[in-house]
Structures are given as C-alpha cells and as structure tokens.
2 protein chains.
Amino acid sequence: MPRDPASTAPTLEEVAALAGVSRSTVSRVVNRSPHVTDEAVLAVEEAIGRLGYVPNRAARSLASRKTHVVALVVPESTAKVFADPFFASVVQGIALYLADTDYTLNLLIASETDSNKIKRYLLGGNVDGALVVSHHSGDHSFANIGQSLPVVFGGRPLLEDIVDSYYVDVDNAGGARAVTQHLIESGRRRIATITGPLDMPPGVDRLSGWLSAVRGADLPDDLIEQADFTLAEATAAMRRILDRDPDVDAVFAASDQMAAGALTALRERGRRVPEDVAVAGFDGDYFSETSSPPLTTISQPATELGAKMAEVLVELMAGREVRRVTMMPTELVVRASTGS
Amino acid sequence: MPRDPASTAPTLEEVAALAGVSRSTVSRVVNRSPHVTDEAVLAVEEAIGRLGYVPNRAARSLASRKTHVVALVVPESTAKVFADPFFASVVQGIALYLADTDYTLNLLIASETDSNKIKRYLLGGNVDGALVVSHHSGDHSFANIGQSLPVVFGGRPLLEDIVDSYYVDVDNAGGARAVTQHLIESGRRRIATITGPLDMPPGVDRLSGWLSAVRGADLPDDLIEQADFTLAEATAAMRRILDRDPDVDAVFAASDQMAAGALTALRERGRRVPEDVAVAGFDGDYFSETSSPPLTTISQPATELGAKMAEVLVELMAGREVRRVTMMPTELVVRASTGS
DNA sequence: CTGAAAGCGCTAACAC
DNA sequence: GTGTTAGCGCTTTCAG
C-alpha cells in the first residue's frame, strides 16, 4: 500500500530551521519577493534543495485566498464531440500553456441538465478562473458567472448582446472568404456553399465569409444549402445543389467532414473533382488529408487558440487589462481538390 | 472587473450558525458521518441550501491531509490522438464518474521529454491518486510511481513484467475472436487480418484473438499484414493481401479506420463488399458507421471503461481491496459489410 | 530587510 | 450525538 506522502514532505518550517531564518523569509523567497538579501535567498534555496521541499498547495491557497486552479469547463454536448480533433488540440494548447505557469487545470464536464452544480463549484471559491470551451454551440450559458469570476470562452458567443464576455475565436469569416477567393481566382464561377447550422457562430460566420467573397466578385450568391457539419447531411445537401444547378463548378463546405460528404455525392453523380467541380472545406483536419482527392481547406490554429485562451485568462486573473476579443488567424491550405 | 468570489462565499461557520448547531456537526453532515440525528442533518442541509454553501477545498485538504484531487495523466503522444473518439469517451466516463464523488480531476499532459516534472508533481502530495490513459502505447512509464501513489492505467501494460500495476482494459482478444468467429459462421473460409503495430497491446491482442478463431476452425492463419491503425497503411496492407491471395473472402482489420482503408483497396481492385469479400473492423467508432457499406465491428464500452478506471482508483484510495486487472466486455455489432 | 503573530476554513480527537 | 479545542502549512500584516 502506498504510504502517505504528506507525512514525509518537508515543511516550510523545516526549511526555515535549516536555513537559519524565519518562516516569513522562506515564504518570501519561495514567492520571489524582491525584498530579501541575496545571502538569505541563497541559504533558503540551498535548504530547499537539500530537503526537496515542495510547497503545500492547500496551505498556500488557504492562506493566500487564491487557489491557483483554473477550471476547464466542457459542456457535455461538446464532450460528445470531444472527438473533434479541433477541440482536442484546443485542450492540449490550454494544458501546455498552463503547465508553464503554476496554475493547475481542473476538468469539468458540465451536464446540460445540471449546470448549476458547476456554477456553484466555480463560484464556491474553488478556482481562480475558468475556461469554457463551447466552440460549436456558442453557448455562453456560463456568461453571467463572468461577473464574479474571470472567464474566457473559446468561440464567440451566440448572442451578440453578451458582449461583455472575454473570448478567443478563429477568424471564421476571414478564412471562409479567403478560401472562396481562392476558388474564384482559380477560375470558378458557379460557386455553391454547404453551411453548418445557422444557429452556431461558426455556421453563420463561415457563410458570411463565403457571401462576402462571391458578392465581391459579382458572382451569384444563391447556391446555399444548409447541413449540420456531418458527412451524411452534407452528402444530401450536395445532391440538392446538383439538382438545383447542374452547372455548379465549385463548392465550399463549412467543414472538412462536410466537404468529404460533398465528394461522395459528386462521385455518385459522376462529377470529377477537381476537373468538373472544385471542392474546398474548412478546419484542416483529418478528413481533409485523407479524402481523395485531398482537400483544399482553411486550417485553424487550434493549439494556439487554446494557449491564447489560457494566456488571456492568466492576464485577467492577474488583474491586468486584456482585450475582450482575440481573433486567431487562419491559413489557406491548397490541395488537389481545387485544381492541379 | 470580477470581484473576489472568496469574500462572498459562505463558510461552514455561517452554516452552523444558521442551522443552530456547531461547526463539527456541519462538518459531519457534509462528510456523511452516520452519527448525526436526522433532525440535525435536515437543519444543516436546509442551511446549506439557503446559503449555497460549498466547502472550501483548500481548508478541507489542509485539515484532512487529503487533496481530494486525482490526476488524469495523458501522455502527449496520446494527446495527439486525443481526437481518438475512444479516448474522448474514456475521459468523459472518468469525468462523469468523478463528478458524483467529491474528487476533482486534474488534467496533466505529460510531455515525453520531461515526464519527471509530472512525476514530481504527482509525488509532491498534490493529488491522492492518478489515472493514466496510455491506451494505445501501453506505455507504463509511470508504473513505478504506483508504489507511492494509487495509480490506475487504461489499457494493459506493454511489458508483462509490470504485473503489479492496476489497470482496466477492453477485452481485445475476446472481441477479435468473436468478430472473426462471425466471419467464419457466415461461411467465409479464406480470412485475412490487418493488424495494428505489434508493439502495442491492442495490436497484439487483437491479432491473437483472430488467430485463436481461425485456428479453432482449422482455417489457414497465414494471411497477416501489419499496419499502424491508420487508413493509409491499411489500404496498402489490403493490397498486399490481395496480391498474396486473390481468393481471400474476408478480412478482419484491427480498427475501423483500417477497415475503411481495406474498403478503399477492395474497391480499387473491383471487389464487392460483402459479396466478394466480407470486411470487419474493431472499435465501433465513427468510421464503422459512415463507411459504405457500414462496418461490422466490435464496439468498445469506452465510457464504461473510463468510469471503471475511476471507480477502481477511488476504491484504491479508500484503501479497499481491488482486483489489479479489470476486463471490460465488448459487443459484436453486425452491419452490411459482412453480409446482407 | 526580517521576525512575530494571527489567522485562512476545515477536520479530528476528545470530552461531554 | 454534539460541542470544544487544537491545529493542518502557509501568507500576511505589523513591528522592529
């Protein structure tokens, strides 16, 4: 049986004794207070090294009234999409950033039915701040806790009125515009789009990016079909597009998975990609790399977005000024699906 | 600016005052001590509800010398495969189970290069136990900390010698045997397998399940090609199989993703599925549902596995006896890829 | 620049 | 069964 590690852990007091100073001084050294003599610092560090002293988090937070813990709140619906590679990278970015600070990450899955439990936990003084990943839904039901606790969201809020929340988002509109632009520049004229749900920010924003590009080029903006980010629905949407206009020569799908669905529909209708129809996606995920042909897409800086979220939160917790909105740039990745 | 939440959080003392009892009694109620009158319990719970009281973790752990924190250690390589739907569900299962206990989950991404940092953290008295998800690699490099801290692994260890670690695993061999059996029962005689890497437990175990089934039926066991769980390599493996024996009439791929790759290769060689060749996978993930035809596969109880890991750890931390090895059953899901 | 003293909010004996 | 009394290990005024 494991033995109790605490019973063996050296305390600040022992360090003080060994270093021949008071506990206060040790505390100051540990917390990097500037008002300590170099000699004292040295003696204390020496003692800390010899004893292998590690501060006790609990005692520290009890006394300082700071937990040094940040919550990572994942709405359960998002958790199902946990498999979403994008989401996974965001989490990784968060964790890696925080690993270099002395904050600790608390993973919370917020069941939709009982989000109050989480709210109570968050407001119960158990964490210094929270990160909410609701990328897909734009659900900011935790927005109101932002008034009592520093909170940073991943993805912009669904409701424009919740303007007072901090969030980091990918430039969905800009990316969609850029990839559509690419379609236009490679000579396509009849460009369709398969959108995500229009009650989700990424759905709306990617559509608006497409709109701005086709309108800017004086091309028709009527070939719009909605789907739900899944391959199956996108396949159906692509069929509808082909029915509506057999002459379509390009399609921008708001996600790579949907672009893969479009590929399926095009194949079944005997259209060649990219000769007859160019296909572009969004996300830069697994699907875009493995489909045949590989997809031109907009890749998102997922890890960086996560790191940025954490960074903004850390600033917020330190009481520093931060911009409420941070947009992460996207990158156009050109592959075979839009031309040779 | 957010105001300090701690200044506002009700304390145990206030609950005691409101309920008209002492702090000890409140503490007992909160900790579900059996030695309290029903009336007292009621009064305290009433007060807790009215005040929205949440115990302060720091104070609690300082006094009890328990952190009530469990670490979820994710090797960085696994984190990249974070997108793995299986892994995602495991994490969800862990989080949901723990949500009903009063343990808190600490997410740690262990960089391969500096696992000592994590070890120090774990051994520094910051957590009461750890969960290590290393499902794919079978890497139990954290095995030795199991001597000083309760640790439960997801997936069996790669090295048989590390028999003293606790782990929960899916019955890979059993599942592989079952699905191969199904192939045999539906009349297939020339059955190939595409394996995962043979330095990963799931790779080895699924191969051994296939072996046991074909040998048990006195069928040839030579049609084995190795891949690495990815679609691309599996496509190549399937081509090699077709080259080696054009008469192959079934293939068991050790993952759905690989089965999808097999489908691609079969299609390009003009083989019909399931008429000419039956295809079966393993995992029961997204790929098995969306490929065409949908795949017969072995679905894994991912969420349950996560919950079980958490449960075993909780028992361990409570000092109770637990079996070192827990096997989770799998389920055969029959779809179009192996017959009408 | 450093030490002494007073808790942070809770649990854990120990009496009652 | 319940209250009282001490701390848990650290930070933080406040003197010096």
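All of these numbers come straight from a predicted model, not from anything done at the bench.

Some thoughts on the overall build of chain A
A tally of regular secondary structure across chain A gives 13 helices and 12 strands. On C-alpha atoms alone, chain A measures out to a radius of gyration of 26 Å, which is more than a quarter above the 20 Å that the 2.2 N^0.38 rule sets for 340 residues. By principal-axis analysis of the C-alpha atoms, chain A measures approximately 85 × 45 × 40 Å. Burial analysis of chain A (340 residues in total) assigns 54% to the buried set. Considering only residue pairs separated by 6 or more positions, chain A has 71% of its internal contacts joining residues 24 or more positions apart. When the accessible surface of chain A is split by element, carbon and sulfur atoms take 50% of a total near 14500 Å². Where the 32 positive side-chain charges of chain A centre and where its 45 negative ones centre are 3 Å apart.

Section: the protein's contact with DNA strand D
For DNA strand D, the set of nearby residues contains 27 residues, the closest of which are A:L12, A:Y53, B:S24, B:T37 and B:R65. The sugar-phosphate portion of DNA strand D accounts for 58% of its atoms within 4 Å of the protein, the bases making up the rest. Between DNA strand D and A:L12, the relevant distance is 2.4 Å, taken from a phosphate oxygen to a main-chain nitrogen or oxygen of the residue. In the surface near DNA strand D, the residues fall into 10 nonpolar, 11 polar and 6 charged.

What about the sheet that holds strand 7 (residues 224-226) of chain B?
All names here are of chain B. Within the open sheet, the 4 strands sit side by side as 7-6-8-9. Their pairing is parallel. Of all strands in the sheet, those with a lone pairing partner are strand 7 and strand 9 (278-280), marking the two edges. Across the sheet, the mean angle from the axis of one strand to that of its neighbour is 15°, orientation sign disregarded. Direction of pairing for strand 8 (residues 250-253) relative to strand 9: parallel, over a ladder of 3 bridges. Bridge pairing links F252 to A280 in strand 9. Strands in contact with helix 10 (residues 231-244) are strand 6 (191-195), strand 7 and strand 8; relative to strand 7, the strand with the most contacts, it is inclined by about 155°.

Here's the deal with the pairing of strand 1 (residues 69-75) of chain B
All names here are of chain B. With 7 of 7 residues buried, strand 1 is to be regarded as a mostly interior element. Burial along strand 1 is two-sided: V69, A71, V73 and P75 and V70, L72 and V74, pointing in opposite directions, are all buried. With 7 bridges connecting them, strand 1 and strand 2 (residues 104-110) associate as parallel partners. Across the sheet, V69 pairs through a bridge with T104, a residue of strand 2. The pairing of strand 1 with strand 3 (residues 129-133) spans 4 bridges and is parallel. Looking at strand 3, one finds that V73 is bridged to V132.

Quick word on the domain arrangement of chain A
Per the domain assignment, the segments making up chain A are domain 1 (12-60), domain 2 (66-169 + 303-328) and domain 3 (172-301 + 332-338). Its C-alpha centre places domain 1 of chain A at a distance of 34 Å from the equivalent point of domain 2 of chain A.

Thoughts on the protein's contact with DNA strand C
Of all residues adjacent to DNA strand C, which total 27 residues, the nearest are A:R28, A:T37, B:L12, B:S27 and B:Y53. Taking the atoms of DNA strand C that fall within 4 Å of the protein, sugar and phosphate contribute 59% of them. Within the contact set of DNA strand C, a base oxygen lies 3.4 Å away from a backbone nitrogen or oxygen of A:L62. At a separation of 2.7 Å, a phosphate oxygen of DNA strand C approaches a polar side-chain atom of A:R65. Looking at the surface near DNA strand C, the elements that each hand over two or more residues are helix 2 (23-30) and helix 4 (57-64) of chain A together with helix 2 (23-30) and helix 4 (57-64) of chain B. Among the residues making up the surface near DNA strand C, the classes are represented as 10 nonpolar, 11 polar and 6 charged.

Quick word on the sheet that holds strand 6 (residues 191-195) of chain A
Picture the strands of a sheet paired through backbone hydrogen bonds; they go either parallel or antiparallel. Residues and elements named next belong to chain A. Across the sheet, which stays open at both edges, the 4 strands sit in the order 7-6-8-9 with parallel pairing between neighbours. Bordering the open sheet on either side are strand 7 (224-226) and strand 9 (278-280), each of which pairs with just one other strand. Sheet twist, expressed as the average angle between the axes of neighbouring strands with direction ignored, equals 15°. Most of the contacts of helix 8 (residues 172-185) go to strand 8 (residues 250-253), to which it runs at about 170°, and overall it touches strand 6, strand 8 and strand 9.

Description of the UniProt feature "domain: HTH lacI-type" (unreviewed entry) in chain A
Per the UniProt entry, the sites bearing "domain: HTH lacI-type" (unreviewed entry) are residues 10-64 of chain A in this numbering. Helix makes up 69% of residues 10-64 of chain A and strand 0%, and the two end C-alpha atoms of the span are 20 Å apart.

Some points on the packing of helix 2 of chain A against helix 3 (residues 38-51) of chain A
All names here are of chain A. For the pair helix 2 and helix 3, the least separation of the axes is 10 Å and the interaxial angle reads 85°. Classified by the angle between their axes, helix 2 and helix 3 sit roughly perpendicular to one another. The segment helix 2 lies against helix 3, with T25, V26, V29 and V30 engaging A40, V41, V44, E45 and I48. Residues of the contact of helix 2 with helix 3, tallied by class, amount to 7 nonpolar, 1 polar and 1 charged.

Things to note about unusual backbone geometry
Most of the time, phi is negative for any residue but glycine, and the peptide bond is trans. Of note, the bond from A:V273 into A:P274 is cis; its omega dihedral lies within 30 degrees of zero at 10°. Within the secondary structure, A:P274 is located in the loop between helix 11 (256-268) and strand 9. For the peptide bond that leads from B:S292 to B:P293, omega is 0°, which places it in the cis range. With respect to the helices and strands, B:P293 occurs in the loop between helix 12 (286-290) and strand 10 (297-299). Even without a glycine there, the phi angle at B:R65 is positive, about 60°. Within the fold, B:R65 resides in the loop between helix 4 and strand 1. Residue classification places B:R65 among the exposed residues on the basis of a relative accessible area of 52%.

What to know about helix 13 (residues 302-317) of chain A
All names here are of chain A. Over its 16 residues, helix 13 runs 23 Å from end to end, which matches the ideal 22 Å to within 8%, given 1.5 Å per residue. All of the buried residues in helix 13 are A302, L305, G306, M309, A310, V312, L313, V314, L316 and M317. Tucked into the core, helix 13 has its buried residues touching strand 1 (69-75), helix 6 (85-99), strand 3 (129-133), strand 4 (151-154), strand 5 (166-170) and strand 11 (325-328). Count one or two residues on from helix 13 and you reach G319, which has phi positive near 80°.

Reading the values: the criteria
Residues numbered from 1 in each chain as written. Chains lettered and ligands numbered in written order. Predicted model: local features only at pLDDT ≥ 70, side-chain atom pairs only at ≥ 80, totals over all residues. Heavy atoms only, no water. Helix = DSSP H or I, 4+ residues; strand = E, 2+ residues; numbered from the N terminus. Rg over C-alpha atoms; globule rule 2.2 N^0.38 Å. Buried < 20%, exposed > 50% of the residue type's maximum accessible area, 1.4 Å probe, protein only. Contact = heavy atoms within 4.5 Å. Areas by Shrake-Rupley, 256 points an atom, 1.4 Å probe, with all protein chains shown as cover. Lys, Arg positive; Asp, Glu negative; His and termini not counted. Charge placed at Lys NZ, Arg CZ, Asp CG, Glu CD. Near = heavy atom within 4 Å. Polar contact = N/O pair within 3.5 Å; in protein donor to acceptor, adjacent residues only side chain to side chain. Nonpolar A, V, L, I, M, F, W, Y, C, P; charged D, E, K, R; others polar. Pairing = 2+ DSSP bridges. Axes fitted to C-alpha atoms, helices over the stretch in contact; angles between N-to-C directions. Domains from an automatic or database assignment. UniProt positions renumbered as here; feature names shortened; annotations may be inferred. Parallel < 35°, antiparallel > 145°, perpendicular 65-115°, else oblique. Expected span 1.5 Å × (residues − 1).

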